[in-house]
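Survey of secondary and tertiary structure
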Amino acid sequence: MIYTVECTFADPASEAEWNDFYSREKLPALISVTGFQSSQRFKAVTGGCPVYLAIHTVDGLDVLTSDEYRQRGGGNFARWQQHITDWHRNLYSDIGLAPAVRINERLALCASGPEPLTDMGLKPLAMQAVALEKAPAYRWLAVVSADDAVRLAEPPQGVHLYSPMGEQLARSETPR
């Protein structure tokens, strides 16, 4: 299943520190939680959507309600909470492992249907919201190649592009 967390951070003075915390502490903590298979963070390169997006592959909703998640992966956001706005969480139907987006690629997300993405020559993966906010009810995602990312300064209406903030973290096959 795909677990998404979206937000905007409203304090420019501490945003770099927050990003450092999220990328260096929170994501590794999440991937250490049983049931998390992959995690990757993104920053929007188009407007009209929350600035930050994290996409995680999880085994199911029970992972997000487990004691292990609350103790190790949920993170201590108390310090940052006052600056986090436009916060949304969704759990989407299983599409397998979330695609890894390389640094020179972009992630494209669309809630209005697959057509805008297929019209761009992409092969979108369909996701249906099954838990948490359940909105938007459907989303389609696709990876935009490095070459296409350069020419797509303005994607079609309803398509949001995100730049990866680092490589995808994947759970080690070795038991911990």
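See the structure printed just above.
Attention in this report is confined to the structure presented alongside it.

Examined against the element boundaries, Val 150 turns out to sit in helix α5 (residues 146-151). Classification of Val 150 by relative accessible area gives exposed; the value is 71%.

Take the pattern of salt bridges next. Any two side chains of opposite charge can pair, so long as their charged atoms come close to each other. What the rule picks out here adds up to six salt bridges. A salt bridge links Asp 20 to Arg 24; the shortest N-O distance between them is 2.5 Å. Note that Asp 20 and Arg 24 are positioned in helix α1 (residues 15-31) at a spacing of four residues, about one turn of the helix. Judged by its relative accessible area of 39%, Asp 20 is partly exposed.

Attention shifts here to the nonpolar core. Core analysis: the largest hydrophobic core is formed by 23 residues, its most contacted members being Tyr 3, Trp 18, Tyr 22, Phe 36, Tyr 69 and Ile 84. Breaking this core down by element, the ones donating at least two residues are β1 (2-9), α1, β3 (52-58), α2 (61-64) and β4 (84-92). By residue number, the principal contributor to this core is α1, which donates six residues.

The next point concerns unusual backbone geometry. With an omega of 0°, the peptide bond running from Ala 135 to Pro 136 counts as cis. Its place among the elements puts Pro 136 in the loop between β6 (125-132) and β7 (138-144). Backbone geometry places Asp 86, a non-glycine residue, at a positive phi of 50°. Here Asp 86 lies in strand β4.

Our focus in this paragraph is the pairing of β4. In this sheet, β4 lies alongside β1 in antiparallel orientation, the contact comprising seven bridges. Opposite Tyr 3, over in β4, you have Leu 91 as the bridge partner. The sheet contact formed by β4 and β6 spans three bridges and is antiparallel. Residue pairing across strands places Asn 90 opposite Leu 132, the latter belonging to β6.

The rules behind each value
- Residues numbered from 1 in each chain as written.
- Predicted model: local features only at pLDDT ≥ 70, side-chain atom pairs only at ≥ 80, totals over all residues.
- Heavy atoms only, no water.
- Helix = DSSP H or I, 4+ residues; strand = E, 2+ residues; numbered from the N terminus.
- Buried < 20%, exposed > 50% of the residue type's maximum accessible area, 1.4 Å probe, protein only.
- Salt bridge = Lys/Arg side-chain N within 4 Å of Asp/Glu carboxyl O.
- Core = buried A, V, L, I, M, F, W, Y, C linked by side-chain atoms within 4.5 Å.
- Pairing = 2+ DSSP bridges.

Honestly, that's just the spatial picture; any functional story needs more than this.
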